[in-house]
Structures are given as C-alpha cells and as structure tokens.
Amino acid sequence: MQFKTLRIYFLQLFIVVFVMPFSYAFVVLLSAAAENMSISYLLSGYIVSTLISTFLGMLALSITNLRQKEVLELYSTYAITFPQVVISICLTYVLIVLPIIVVVLPFVLMHAVRASHLMVLMGVIVSIFFLLCLSVYLGLSLKNLFIANGILQLLSWILILFSPIYYNFETLNSTFKYALLVNPVTHLLNIVRIPLGFAPMISMWVSYVYVGLLIILMLFYISKRVRSTYILERIF
Amino acid sequence: MSDVLTVTNLTKVYPNGKKANDGINLSVGEAEIVGIIGPNGAGKTTLLRQVLGLLKPTEGQITLFGMDVTKNPLAAKGQVGYAPQYPLFFPSLTLEEEIGFALRFKGYKGQTYKKKLDDIIELLNLENVRNYFGYQLSPGMLKLSLLAVALAQGGRLFILDEPTSMVDIVTKMHVWDTLSVLSKEQSILIASHDMNEVKRLCNRVYVLVDGKIVAEGSPEEISQMLKLPCTMKLMVSDVEGVKSFLEERQGQFVMENSVLDISVDSLDAAIELITEINHAFSVTYIELEAPSFDKAVIKLMGDKHA
C-alpha cells in the first residue's frame, strides 16, 4: 500500500534518493582521481548520504504527514493501527534504498585496501537503523508539515556538510574535528570505514556506543508517541 | 433487542476547555439505524470519534459489542465500518485500490476478494470511476468511496458521519436504499444534517445541541413532541382569489412568488382548508407535512441555542 501511495511522488523520490546524492558523488569522484582519494572512501560516503537524503528528506516528512488530522482519520477507516502504519512506511523506504546499497556496496568492497565484510555490513545496517530512528523521531516531533519540510531539508544538508562524507577527516584542524564528532553521521561513517581499512576518526567502539545510546533514547521517545492509541487526541 | 453500542454519561472536554460532549447517554441496538442530528459544532463528530477510540473520553463509559472502549480503545478496530465526514482520499491510490486494501486488511484473498470488491463497487454504482485516482474524483464520489471502504471494512456496526453530504440526490436515494437493506443485518449510527436522510432511514433519533442530547425518539415521536402549527405550501390557479379568501378568514399566510405558505393550528384544520380552496380555486401544487419533523428539530435546536 505504501509503495502505491508513493506513486505520485515518483519524481521527488527519484531526485532525493538518486540524483542528489549521486550528483555530489559524481563531482567528488571526478576530482578524486586528481587528488588520489579512495573510491571506496567516497562510495561509502555516498551510501550514507543516500540514506540521509532518503530518510530525512522523505521518510521523516511522510511521518509528519501521517500525523496530520486528515491523514490519521483516513487511516482510521482501515483495520490497521498507527504503529503498523509507521512500520510499513519505514520498511517501504528501506526497500527503496536497498537496491542502491546492493549495487554500490560490492564496488566499495572491491576498491577497499582490506575489508572485513561482516563488519562493513554491520556498519551499514546500524547506519540504516539509526537514520530510520532519527527520521521517525523527527517526523513525530514536527507537527507542522510546512515547517517540517524546511527544517528537514536544512537538517539533511547540515548532517551531510558537517561530516566527512566527501572530504578527508585527517586533514582538518583539531577544533573542526571535535565539532564533527558531535555529528552522529561522522560516527556512522567511522563504523563503516574502519572495517574498510581507513584510519579511525575515533575508536570504532566509541562510535558504536555513541550511536547506540542515541538509538535507545530515540526508541524510547518513539515507542511512547507511537503507542498512544488516541491518535487524534493531540491534534486539538 | 440487545445493544451493540451503549454510551453512558459521556463527557468530552478538549484541552482548550471546550466541552464538546456533556453527559451523553445513547444506545444502538442490533439491526437498528440510529441518527444523531444537530447543528455545526454540536459535538456529533467528537462523539463518533470517541466511540471509534480516536479521542479519549473525559468521563463516562462506551461499551461496544460488550467491550469497554474507554479501557480498550482498539475495540472498534476491524469491527466497525467508519466513513468520516470530510471527503478524504489517498491521492496516489485508485478507488479500486482504496477499497481493495480495506478488503485485504480484513483477510480477503483470491476469488472471494475479487467478488467482494466487484460487489461493493456495483452496489454504490462506482464502476465508471473504479480506476480513477483520489485526486480525480469529485467530493461526492470521494464520499461514496469512503462509504465503500466502510462497507469493505464490514463488521456489525457502521458509523457514518454525514455519509451523503455532497452526493447528488439520485445517488443519495440509492445510498439510502442500500443502507436500509444493510440495516436488516447490521447496525448503523449516522450523524447528519440532512433531515430527509434521518427521517427516511432512522428508527431512532438523538437531537444534539451544544454537546447535550435535547430530545430522543423516533422521527414521529420527535415531530409530535412540540405543539407546532401545521404548515403547507400551495400553488393555485387564482392566487389573488386565494389571498382575498384567506384575508377574509384572517388566516396566517406568507406569499413567496406564486407559492402560498399557510399556517394552521392542526392537521384537521389544514385538510378542511385545502378542501375549501381546492373547491373554489383549484389547487395545482401542494406540500403538506404535519406534524413537521424538520420544524420540530429546528425549534428544539433554536430553543436550546436561545
């Protein structure tokens, strides 16, 4: 059902999921050859930026849209509950980004100096789960769809810009490095790139703990909001 | 007749302090059509949303199929067909898909699914628009699509919030016939502004004003509740002649274009007057309702508002 409800947004989805992250990656890949940057490094960044662009740009907005009174009432005409709708939306977006990951990941592993396949895969799965939680959390927190549209675009841009997705962490000054470590996306990149043989930005386990704690906090909030059965109650 | 739905002393106060429902008592029996009628903002939709478990009651009890909705708000899920007031739609789903998903969620598959889908589409005369997307449908068609989803949802109770508003009169009559047939086996709770709809369909009616029930009974009982004058609309071949005739008898009347709107004290007096006028001036059109359900409801609403 969720796939079919996205039909009308096909072009928007194509731009957010494919064109935007790919255009970044394309430009960087062109300059990478000249600067001798690793393709594996850039493509792993491409995977994470695709996830941010898709989940924050579209999924979070879908969740905010779902919280609109009319949409809630429309879903209430079906024999499904609010948590079921939220889960189905999440699964839909995971299925949307999965083909990109399946195509790009072998290239990442192929060009890596050394790769622990299992740990790379785990890093990607944790990244998907973290960004899913972040998007649902933001989608549930933002009530106004029009404001959400602006905030989520801006936040995607900030998360991508202030993380070493397409530039090298090593060459930055130490103040900027500390600032980047606040951004959870830096930690997601860390847990994906260390198993690919890149130098750690910080210990991989610190990144796992940081991301894990944020996931627990967000899940706590999400479960509280999603389990509220009186779905129209907070609207008024 | 056992009750499918019982609402006891239900009160709903919104966070802004507005009391939308105030001590409401209501019941819907098996195979019964019950109407809730009231002006805009009377609290009809709030009442229905509480029954559906979408809003939390402030006080009172709602029992649906023997289950306490206030304790188990999901009791209505899957057991009640609901058609909301507004013409809501999924812009990316065709009408067939919208109804189809309701059937799939209920577990229909294969040939049973196809047959049920075709039956519902045929029942509501939606064959011509079955492949139209939500945004391509008129508001009237959207209301019918919501009704179709409610029918697909099935269950022992249908809760319909102004089901035929925005629907043309021919389709409206068809929907009323469909609901009448449906009510032989299922119960229906309708909130409506349409007095004809309520009069035509409902076994019992609750008049809701400012969140309170001000009258309850069959449409006939509500009509007889107040001693209202009997009114009739007449068109005659000689309007001036009838005007003089009524003035001579000091009758109460208003003339709008060529239609005479006459008020008399009782039905007997009305019949006697019509006979006399027809004998002397030949009546070409007559409209008489006595006692009038519409006027009784309007009077009840007006009195409470005042």
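In this text, all values refer to a predicted model and were calculated from it rather than measured experimentally.

Trainee: Can you walk me through the overall build of chain A in this structure?
Mentor: The helix and strand inventory of chain A stands at ten helices and zero strands. Start at the N end of chain A and walk to the C end: the helices and strands fall as α-α-α-α-α-α-α-α-α-α. Counting only C-alpha atoms and orienting by the principal axes, one finds that chain A spans roughly 55 × 35 × 30 Å. For chain A, with 236 residues in total, the buried portion stands at 53%. Within chain A, counting contacts between residues at least 6 apart in sequence, those at least 24 apart form 76% of the total. Looking at chain A as shown, the accessible area adds up to about 11200 Å², and 74% of this sits on carbon and sulfur atoms. Each charge class in chain A can be summarised by its mean position, and for the 12 positive and 5 negative side chains these summaries are 6 Å apart.

Trainee: Explain the domain arrangement of chain B to me, please; I cannot follow it from the model alone.
Mentor: Where interface size is given, it is often the accessible area lost as the parts come together that is meant. On domain assignment, one finds that chain B holds domain 1 (3–223) and domain 2 (230–290). Using only C-alpha atoms to locate each centre, domain 1 of chain B and domain 2 of chain B end up separated by 41 Å.

Trainee: It is not clear to me how a nonpolar patch on the surface should be interpreted in this structure. Could you clarify?
Mentor: All names here are of chain A. Together, F10, L11, F14, I15, F18, V19, M20, F22, F26, V27 and L30 make up a nonpolar patch on the protein surface, roughly 1000 Å² of accessible area in all. Positionally, F14 belongs in helix α2 (residues 10–35). By relative accessible area, F14 is classed as partly exposed at 39%.

Trainee: In this structure, what is going on with the packing of helix α5 (residues 82–110) of chain A against helix α6 (residues 117–141) of chain A? I would like to understand it.
Mentor: Helix packing geometry: the angle between the two helix axes and the distance between the axes. All names here are of chain A. At their nearest, the axes of α5 and α6 sit 11 Å apart, and the two run at 145° to each other. Like other packed secondary-structure pairs, α5 and α6 cross with a definite hand, here right-handed. Packed against α5, whose contacting residues are F82, V86, C90, V94, I101, L105 and L109, the element α6 presents H117, V120, L121, V124, I128, L132, V136 and L140 at the interface. Residue composition of the contact of α5 with α6, by class: 14 nonpolar, one polar and no charged.

Trainee: Any chance you could explain the interface of chain A and chain B here in plain terms?
Mentor: Taken together, the contact between chain A and chain B spans 23 residues of the former and 36 residues of the latter. Both faces considered, chain A and chain B share a buried interface measuring about 2800 Å² in area, 67% of it formed by carbon and sulfur atoms. Between chain A and chain B we count one salt bridge in total. The shortest N-O distance in the salt bridge between E73 of chain A and R49 of chain B comes to 2.6 Å. Connecting chain A to chain B are four residue pairs in polar contact (both at pLDDT 80 or more). Elements with a minimum of two residues in the side of chain A that touches chain B: α1 (2–5) and α4 (69–75) of chain A. Residue contributions to the side of chain A that touches chain B peak at five residues, all from α4 of chain A. Among the residues forming the side of chain A that touches chain B, the class breakdown is twelve nonpolar, five polar and six charged.

Trainee: When you look at the pattern of salt bridges in this model, what are you seeing that I'm missing?
Mentor: Residues and elements named next belong to chain B. Applying the stated rule across the entire model yields 16 salt bridges over all chains. Ionic pairing is found between K71 and D68, a salt bridge with its closest N-O pair at 3.9 Å. Residue classification places K71 among the exposed residues on the basis of a relative accessible area of 72%. Measuring nitrogen to oxygen at the nearest pair gives 3.8 Å for the salt bridge that ties R204 to E216. Of the two residues, R204 sits in strand β9 (residues 204–209) while E216 sits in strand β10 (residues 212–217), which places them twelve residues apart along the sequence. Where salt bridges share partners, they join E96, K114, D118, E127 and R130 into one cluster.

Trainee: For this particular structure, what's the right way to read the environment of A79 of chain A?
Mentor: The topology assignment puts A79 of chain A in the loop between α4 and α5. Expressed as a C-alpha distance, the spacing of A79 of chain A and A179 of chain A, which sit 100 residues apart in the sequence, is 47 Å.

Trainee: Just checking my understanding: could you explain the sheet that holds strand β1 (residues 3–13) of chain B for this structure?
Mentor: The strands making up a sheet associate through backbone hydrogen bonding, with each pair oriented either parallel or antiparallel. Residue and element names in this part refer to chain B. Strand order in the open sheet made by the four strands is β2-β1-β4-β5, with antiparallel pairing throughout. The sheet terminates laterally at β2 (19–29) and β5 (67–68), the two strands that pair on one side only. Of the strand pairs in this sheet, β1 and strand β4 (residues 59–64) are connected by five bridges, and their pairing is antiparallel. Residue pairing in the sheet places V7 in a bridge with I62 of β4. Each of β1, β2 and β4 touches helix α1 (residues 44–51); the most contacted strand, β1, lies at about 120° to it.

Trainee: Please clarify how the packing of aromatic side chains should be interpreted in this entry.
Mentor: The relation between two aromatic rings is expressed through the spacing of the ring centres and the mutual angle of the planes. Here the structure, examined in full by the defined rule, presents ten aromatic pairs over all chains. Consider the rings of Y41 of chain A and F198 of chain A, whose centres lie 5.2 Å apart with planes at 75°: the pair is edge-to-face. Pair noted here: Y41 of chain A is in helix α3 (residues 39–66) and F198 of chain A is in the loop between α9 (184–193) and α10 (204–226), with a separation of 157 residues, a long-range link. Across the pair, exposure class does not vary: Y41 of chain A and F198 of chain A are buried alike. Geometrically, the ring pair formed by F245 of chain B and F281 of chain B is edge-to-face, given 5.9 Å between the ring centres and 65° between the ring planes. Residue F245 of chain B is located in helix α8 (residues 239–248), and its partner F281 of chain B is located in helix α9 (residues 267–281); the two are separated by 36 residues in the primary sequence. Here F245 of chain B and F281 of chain B have matching classes, each one buried.

Trainee: Explain helix α7 (residues 145–161) of chain A to me, please; I cannot follow it from the model alone.
Mentor: One turn of the α-helix equals 3.6 residues, which is why residues spaced by three or four share an orientation. Residues and elements named next belong to chain A. Here α7 spans 24 Å end to end across 17 residues, near enough to the 24 Å set by a 1.5 Å rise per residue. What α7 keeps buried is the set A148, L152, S156, L159 and I160. Down the axis of α7, the smallest arc covering the buried residues is 90°, so these residues share one side. Buried-residue contacts for α7 involve α3, α6 and α9. N-capping of α7 is provided by N144, with a side-chain oxygen placed 2.9 Å from the backbone N of F146.

Calculation rules
- Residues numbered from 1 in each chain as written.
- Chains lettered and ligands numbered in written order.
- Predicted model: local features only at pLDDT ≥ 70, side-chain atom pairs only at ≥ 80, totals over all residues.
- Heavy atoms only, no water.
- Helix = DSSP H or I, 4+ residues; strand = E, 2+ residues; numbered from the N terminus.
- Buried < 20%, exposed > 50% of the residue type's maximum accessible area, 1.4 Å probe, protein only.
- Contact = heavy atoms within 4.5 Å.
- Areas by Shrake-Rupley, 256 points an atom, 1.4 Å probe, with all protein chains shown as cover.
- Lys, Arg positive; Asp, Glu negative; His and termini not counted.
- Charge placed at Lys NZ, Arg CZ, Asp CG, Glu CD.
- Domains from an automatic or database assignment.
- Patch = residues over 30% accessible without salt bridge, like charges linked within 9 Å, V, L, I, M, F, W, Y side chains within 5 Å.
- Salt bridge = Lys/Arg side-chain N within 4 Å of Asp/Glu carboxyl O.
- Axes fitted to C-alpha atoms, helices over the stretch in contact; angles between N-to-C directions.
- Left-handed = near helix turned anticlockwise from the far one by under 90°.
- Nonpolar A, V, L, I, M, F, W, Y, C, P; charged D, E, K, R; others polar.
- Buried area = accessible area lost by both parts, 1.4 Å probe.
- Polar contact = N/O pair within 3.5 Å; in protein donor to acceptor, adjacent residues only side chain to side chain.
- Pairing = 2+ DSSP bridges.
- Phe/Tyr/Trp six-rings, centres within 6.5 Å; stacked < 30°, edge-to-face > 60°.
- Expected span 1.5 Å × (residues − 1).
- Arc of directions from axis to C-beta.

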